[in-house]
Amino acid sequence: MDDDDYWNTSETKAKAFSFDDDVLSPQEILAIGQRSSSGSGEDGVLSSNISNVKRPLIPLSSLVSPKVLDLMVLAQSGKDPNKETKHESEETVAITLKRLVLGRSCSLHVHRSLKSKTELLDGAIAIGDGNAMLAVILFLIQTLNKKLVYELLSSRPLALNHYIGSLQSEGKISELTDLLTMLGRSPDSAIYQFQHAVKSQLGNLESLLRKTTNLLANHFNQPGVDAHQAKMVADYVKFLEWQSFAKKSELNNKSPLHCLAYCCSHHWTEGAGNMMSPLTLCQRQQISPLQYDWVVLNVHAKSNKWDIVESLFTKKDWLGRTTMSSHIPIETLLARLSELKAPERMLATCANKIASTEDRLRLSQKYKIHSVVIETLAKQKDRAALTNYKMTLNPQSEEYIFAENALRDTSIKWKN
């Protein structure tokens, strides 16, 4: 058989090598060195011509490391190893974030490069998961310089706010102070320290007074601090000083208005120079006249001390008429006096302060201030309305007789 006939036979074609064959797997490459040297046919003849002695076989894995073998297989496939490594890294970041969000166990320490760590942080921010953000931030703090981490956070407000909230809720005031100071936010650091002191020392008045006094001197009197915040802290320190002077445990942790109510009830007659005087407390805490009137009204009305209420809220005008004077809006004052069951004389004085006739009549009917309703209807010369209103009153009552006398007044020219 000549050479052309040999290569054209079907049997030979079946054995021929093709460059289109699949790439060998690592297992197949390793198996090459493990095949027996003995065989049949032409292979046997060829081997018998070389040697009849069997030699020990050496596995390919002992000559080539698995990593090099993988690269060999990758090179045979025609793929770019650099591109594969990059794709694998990107996929690892995505998988890590997925595990974090789902609450599954994962190791963040596989991400060693700054680029990979930054991608983790940006990915958590994009997802919007607070727990994932905090986990990544804590990992960055463990593995990077704090200054670098703070620089990363300064350009990512969402992650920064989550971290600040976490430090605040856990009471890690030192870490929070360092963070805000390094970011150039010393005023914010001061207010967080103040909030922490108030929260943690509420049960110890003297300790709270000492800490807030130090904060005021060392932080809130510095340049750049918001003037409103500095004033708020200064007023709070004055209030703590007043509570310390009062030495009343029932006043600890109470508001200035609560303490004002206490002073109105127990120290009403004391002059403005005395620390426990209601007026002194108002001056120290800048309690507004409206707040003062409201507290005094409620304290003394609930104790049925209407003489004090009347002396405070009613005055004589230059014609000798009694009029109501208060910083409380007149309709609000009228409603509250009615709720507190004030004497009708005081209600009438308050109602007559309302300038609008329609509003005065409406509110007087609502709160059953009969004398004002009768006077207003008589001034309107509305006989029919006054007659109908008289029928709603108890016969022979004082207001019923007052309405009858108004209807009999011959000086009134009734319109109906």
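The rules behind these values
Residues numbered from 1 in each chain as written. Predicted model: local features only at pLDDT ≥ 70, side-chain atom pairs only at ≥ 80, totals over all residues. Heavy atoms only, no water. Helix = DSSP H or I, 4+ residues; strand = E, 2+ residues; numbered from the N terminus. Buried < 20%, exposed > 50% of the residue type's maximum accessible area, 1.4 Å probe, protein only. Contact = heavy atoms within 4.5 Å. Areas by Shrake-Rupley, 256 points an atom, 1.4 Å probe, with all protein chains shown as cover. Expected span 1.5 Å × (residues − 1). Core = buried A, V, L, I, M, F, W, Y, C linked by side-chain atoms within 4.5 Å. Phe/Tyr/Trp six-rings, centres within 6.5 Å; stacked < 30°, edge-to-face > 60°. pLDDT = per-residue confidence, 0-100. Arc of directions from axis to C-beta. Salt bridge = Lys/Arg side-chain N within 4 Å of Asp/Glu carboxyl O.

J.: I tried to follow the overall build of the chain on my own but got confused; where do I start?
T.: A count of helical and extended segments in the chain gives 24 helices and two strands. In the chain, buried positions account for 34% of the 416 residues. Looking at the chain alone, contacts between residues at least 24 apart form 49% of all its contacts between residues at least 6 apart. As displayed, the chain offers around 26300 Å² of accessible surface, 53% of which is attributable to carbon and sulfur atoms.

J.: Sorry, what's going on with helix H7 (residues 114-127) here?
T.: Compared with the 20 Å implied by 1.5 Å per residue over 14 residues, the 20 Å span of H7 between its first and last C-alpha is a close match. Phi for Gly-128, located one or two positions after H7, is positive at around 85°.

J.: Whenever I open this one, the side chain of Asp-235 confuses me. Can you help?
T.: Locating Asp-235 in the fold gives a position in helix H14 (residues 227-246). Note on Asp-235: relative accessible area 15%, which makes it buried. What Asp-235 contacts, discounting residues up to four positions off in sequence, is Gln-285 and Gln-286.

J.: Explain the nonpolar core here, please?
T.: The nonpolar side chains of soluble globular proteins are, as a tendency, buried together. Leu-140 and Leu-153 are the most contacted members of the largest nonpolar core, which has 28 residues in total. Elements supplying a minimum of two residues to this core: helix H6 (81-102), H7, helix H8 (130-143), helix H9 (146-154), helix H10 (157-169) and helix H11 (173-182). Sort the elements by how many residues they give to this core and H8 lands first, with seven residues. Among residues more than four places away in sequence, those in contact with Leu-153 are Ile-137, Ala-159, Leu-160 and Tyr-163. Of all hydrophobic cores here, the second largest spans 23 residues; its members include Ala-301, Ala-351, Ile-354 and Ile-369.

J.: How should the packing of aromatic side chains be read in this particular structure?
T.: Any aromatic ring pair is given by two values, namely how distant the centres are and how the planes are angled relative to each other. Enumeration according to the criterion identifies three aromatic pairs in this entry. Between Phe-194 and Tyr-236, the ring centres sit 5.6 Å apart and the planes meet at 90°, which makes this aromatic pair edge-to-face. Residue Phe-194 is located in helix H12 (residues 186-200), and its partner Tyr-236 is located in helix H14; the two are separated by 42 residues in the primary sequence. With a centroid separation of 6.4 Å and an interplanar angle of 5°, the aromatic rings of Phe-239 and Trp-242 are classed as stacked. Here Phe-239 and its partner Trp-242 are both found in helix H14, three residues apart, which amounts to about one turn of the helix. For the pair Phe-239 and Trp-242, one class covers both residues: buried. Within the aromatic cluster, the residues linked to one another by ring pairs are Phe-194, Phe-220 and Tyr-236.

J.: Looking at this model, I keep getting lost on the environment of Cys-282. Mind explaining?
T.: By secondary structure assignment, the location of Cys-282 is in helix H16 (residues 278-285). Take Cys-282: its relative accessible area is 10%, and that puts it in the buried class. Separated by ten residues in sequence, Cys-282 and Ala-272 have C-alpha atoms that sit 9.6 Å apart. Setting aside residues no more than four positions away along its own chain, Cys-282 makes contact with Leu-260, Ile-287 and Tyr-292.

J.: Looking at this structure, I do not really get the confidence of the model for the chain. What am I missing?
T.: A low pLDDT means the predicted coordinates there should not be read in detail. Averaged over all residues, the pLDDT of the chain equals 82, while 78% of them reach at least 70. Here residues 35-54 is modelled with pLDDT under 50, and outside its nearest four sequence neighbours on either side it reaches three contacts, counting other chains as well.

J.: I'm lost on helix H23 (residues 383-390) in this one. Help?
T.: For an α-helix, the turn length of 3.6 residues means that residues three or four places apart are oriented alike. When H23 is considered as a whole, its buried residues turn out to be Leu-386, Tyr-389 and Lys-390. End-on view of H23: buried residues confined to an arc of 100°, all on one side of the axis. Turning to H23, the residues buried within the fold contact helix H22 (370-379) and helix H24 (398-407).

J.: Just checking my understanding: could you explain the pattern of salt bridges for this structure?
T.: Think of it this way: side chains of opposite charge can pair up when their charged atoms draw near. Inspection of every chain in the model, using the stated rule, returns eleven salt bridges. In this structure, Lys-115 and Glu-119 form a salt bridge, with 2.5 Å as the shortest nitrogen-oxygen distance. A residue pair is termed a helical-turn pair when its members lie 3 or 4 positions apart in one helix, as Lys-115 and Glu-119 do in helix H7 at four residues. For Glu-119, a relative accessible area of 26% translates into the label partly exposed. Measuring nitrogen to oxygen at the nearest pair gives 3.8 Å for the salt bridge that ties Lys-390 to Glu-404. Placement of the pair is Lys-390 in helix H23 and Glu-404 in helix H24, with a sequence separation of 14 residues. Judged by relative accessible area, which is 13%, Lys-390 ranks as buried.

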